[in-house]
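Structural description and commentary
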Amino acid sequence: MTPAARVQTAIELLDRIVEAARAKAAPADRILAEWFRNNRFAGSKDRRAIRELVYAAIRACGPVPASGRAAMLRLAETDPAIAPLFDGSNYGAAPIAEGEPVAEGGVAPSWLIARLAASGVEDGEAEALLDRAPLDLRVNALKAERATVTLPEPAEPTAAPHGLRLATGTPVEQWPAFRAGEIEVQDTGSQLACLAVGAQPGETVIDLCAGGGGKTLALAAAMDNQGRLIASDTDRNRLSRLAPRAERAGAADIATILLNPQREMEALAEFAGEADAVLVDAPCSGTGTWRRNPEARWRLDEQELSRLTTLQAYLLDVAAQLVKPGGRIVYVTCSLLDEEGAGQFDALLARHPDLQPRALALPLGRPRGQGIRLSPGPDSTDGFFIACAARVQAAE
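Numbers given for residues are sequential positions, taken from 1 along each chain in its written order. Totals for whole chains, interfaces and linings use every residue, but because this is a predicted model, local features are given only for residues with pLDDT of at least 70 and side-chain atom pairs only at 80 or more, for both listing and counting. Based on all heavy atoms of the structure, the side-chain values leave hydrogens and waters out of the count.

**Structural notes on the state of the cysteines**
- Disulfides are defined as pairs of cysteine sulfur atoms found within 2.5 Å of each other. Evaluated as defined, the whole model comprises zero disulfides.
- Here C194 stays free of any disulfide, with the sulfur of C334 as its closest cysteine sulfur at 12 Å.
- With no disulfide of its own, C388 lies 14 Å from the sulfur of C194, the closest cysteine sulfur.

Now the structure itself:
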């Protein structure tokens, strides 16, 4: 493909991504994967170039653009190499017309910028939300050690005890260490969220919103496969991915429990008041993950944010029923909005006077409310809010 044809292809893909964002349909990575699968004529260099163009254009736009062409024209304003490729050549993009609509730049839609600013995220810190993310690994302590694990490329240790960092796009899933379960792909911030749980061998630990089990596997390693580790979720598809991952990682005796929404305690009744620790990695807006999913900011609206904050509060109340006296709830969201983070945690403490905040000692992050915030700018991690509440022991 010529460079001009790559630009036109990226425009057509951006049209699909914009439409899907408005309809809250397939994410950008899935749309790209499907196109690459169905268009084998595009070689590896073409695919890489098209992907780079698409994501660069997404990052260049703040609000949802009117079209893929408007998004690419916005990128052309910031990258002088793009405009000459609108040359009208065969399979290329039509020449740029005078006064043609150009998408608006910025970090996000205006309402979301205001919410971020109200949460103390402005200027350079906000702009860092759209940087390219590095590739972080967690060395699986059940099978290897960070100091001695053998990898094909050098990696830098991160602030997480088992963390390593590589360049974006490093093909780690093809490495023998990955296939042997010695390493897992996991952002350093996510690893620190697991560290905050303080899971110990012999404890009963519940990963309430386990999803595909990335944090569950980190908890299994911390517990050295000793104790009761429960991974629960309402999404059958995501939860089903845990078993093969756990087998590869050597993580034994993880109980998986499929939950019915709004009826979670029916499935978790045997653990009521029994858990030493409950991790609530709640569904959220994902503002802290825009480096990886920049079009996510086009999918979020105030109605969806309200739905998510209601769900977060509900899940925290479920966790409060599970934790035993002296046990702890660790609340995690990959969001930088206070209504999903510090404000949500304060509301939990107000609803449950028998829960008291517990200070966390993490190697990265800054205090935010009664928890800790990690952010791409100052911490070079995904954005997270992490906080811990312990149930007060009954007086004897």
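**Concerning unusual backbone geometry**
- The phi dihedral of Y91 is positive, around 70°, even though this residue is not glycine.
- Secondary structure is summarised from DSSP: a helix means a run of H or I of at least four residues, a strand means a run of E of at least two, and numbering begins at the N terminus for each. When you line up the elements, Y91 lands in the loop between α4 (68-78) and α5 (110-118).
- On the accessibility criterion, Y91 (66% relative accessible area) is exposed.
- Positioned with a positive phi, D224 is a non-glycine residue whose angle comes to about 55°.
- For D224, a relative accessible area of 41% translates into the label partly exposed. Here the term buried applies to any residue with accessible area under 20% of the maximum for its type, exposed to any over 50%, and partly exposed to those in between, with areas from a 1.4 Å probe on protein chains only.

**Re the pattern of salt bridges**
- What makes a salt bridge here is a side-chain nitrogen of Lys or Arg within 4 Å of a carboxyl oxygen of Asp or Glu, nothing more. Scanning the entire structure with this criterion turns up 26 salt bridges.
- Across the salt bridge formed by D301 and K24, the nearest N and O atoms sit 3.1 Å from each other. On the criterion of sequence distance, the pair formed by D301 in the loop between α13 (296-299) and α14 (302-322) and K24 in the loop between α1 (3-23) and α2 (28-38) is long-range, its members being 277 residues apart.
- The shortest N-O distance in the salt bridge between E266 and R263 comes to 3.0 Å.
- Among the residues examined, E266 registers a relative accessible area of 54% and is labelled exposed.

**Regarding the packing of aromatic side chains**
- Think of it this way: a Phe, Tyr or Trp ring, Trp meaning its six-membered ring, pairs with another when their centres are within 6.5 Å, and the plane angle makes it stacked under 30 degrees, edge-to-face over 60, tilted otherwise. Under the criterion given, the structure shown has four aromatic pairs.
- Grouped by ring-pair contacts, the aromatic residues W35, F36 and F41 constitute a single cluster.

**Focus on α14**
- To estimate the expected span of a helix, subtract one from its residue number and multiply by 1.5 Å. Given a rise of 1.5 Å per residue, 21 residues ought to cover 30 Å, and the 31 Å separating the end C-alpha atoms of α14 matches this to within 8%.
- Listing the buried residues of α14 in full gives L305, L308, T309, Q312, A313, L315, L316, V318, A319, A320 and L322.
- The opening residue of α14 is D301, an N-cap whose side-chain oxygen sits 3.3 Å from the backbone nitrogen of Q303. Pairs of N or O atoms within 3.5 Å make up the polar contacts considered here, provided that, within protein, one atom can donate a hydrogen while the other can accept it, and that residues adjacent in sequence are counted only when both atoms are side-chain atoms.

**Structural notes on the side chain of E125**
- Here E125 shows up in helix α6 (residues 123-127).
- At 2.8 Å, the side chain of E125 forms a polar contact with the side chain of R366.
- Other than its neighbours up to four places away in sequence, E125 contacts G120, R366, R373, S375 and P378. In what follows, residue pairs with any heavy atoms lying within 4.5 Å of each other are defined as contacts.

**Concerning the side chain of K215**
- With respect to the helices and strands, the residue K215 is situated in helix α9 (residues 214-222).
- Non-local contacts of K215, meaning those with residues more than four positions away in its chain, are made with Q186, S190, A193, C194, D207, L279 and D281.

**Description of the environment of L239**
- Of note, L239 is situated in helix α10 (residues 236-240).
- Here L239 falls in the buried class, since its relative accessible area comes to 8%.
- Separated by 18 residues in sequence, L239 and I257 place their C-alpha atoms 8.5 Å apart.

**Brief notes about a negative patch on the surface**
- Patch criteria: residues need more than 30% relative accessible area and no salt bridge. Like-charged residues are merged within 9 Å; nonpolar side chains of Val, Leu, Ile, Met, Phe, Trp and Tyr are merged within 5 Å. Shrake-Rupley sampling with a 1.4 Å probe provides the accessible areas, and residues are treated as covered by the protein chains on show and by no other component. In this tally, Lys and Arg are treated as positive and Asp and Glu as negative; His is ignored, and so are the chain termini. The atom standing in for a charge is NZ when the residue is Lys, CZ when it is Arg, CG when it is Asp and CD when it is Glu. A cluster of acidic side chains, namely E122, D123, E127 and D131, defines a negative patch on the protein surface.
- In this fold, D123 is placed in helix α6.
- Taking relative accessible area as the criterion, D123 reaches 62% and is therefore assigned exposed.

**Details of the environment of D338**
- Take D338: it is sitting in the loop between β9 (323-333) and α15 (342-351).
- Taking C-alpha positions, D338 is 33 Å from D15, a pair spaced 323 residues apart along the chain.
- In this view, D338 contacts A118, S119, G343, Q344, R368 and R373; residues no more than four positions away in its chain are not counted.

**Re a positive patch on the surface**
- Taken together, the side chains of R37, R40, K45, R47 and R48 make up a positively charged region of the molecular surface.
- Top contributing element to the positive patch by residue count: helix α3 (residues 44-60), with three residues.
- With respect to the helices and strands, the residue R37 is situated in helix α2.

By themselves, these observations are geometric and do not establish any function.
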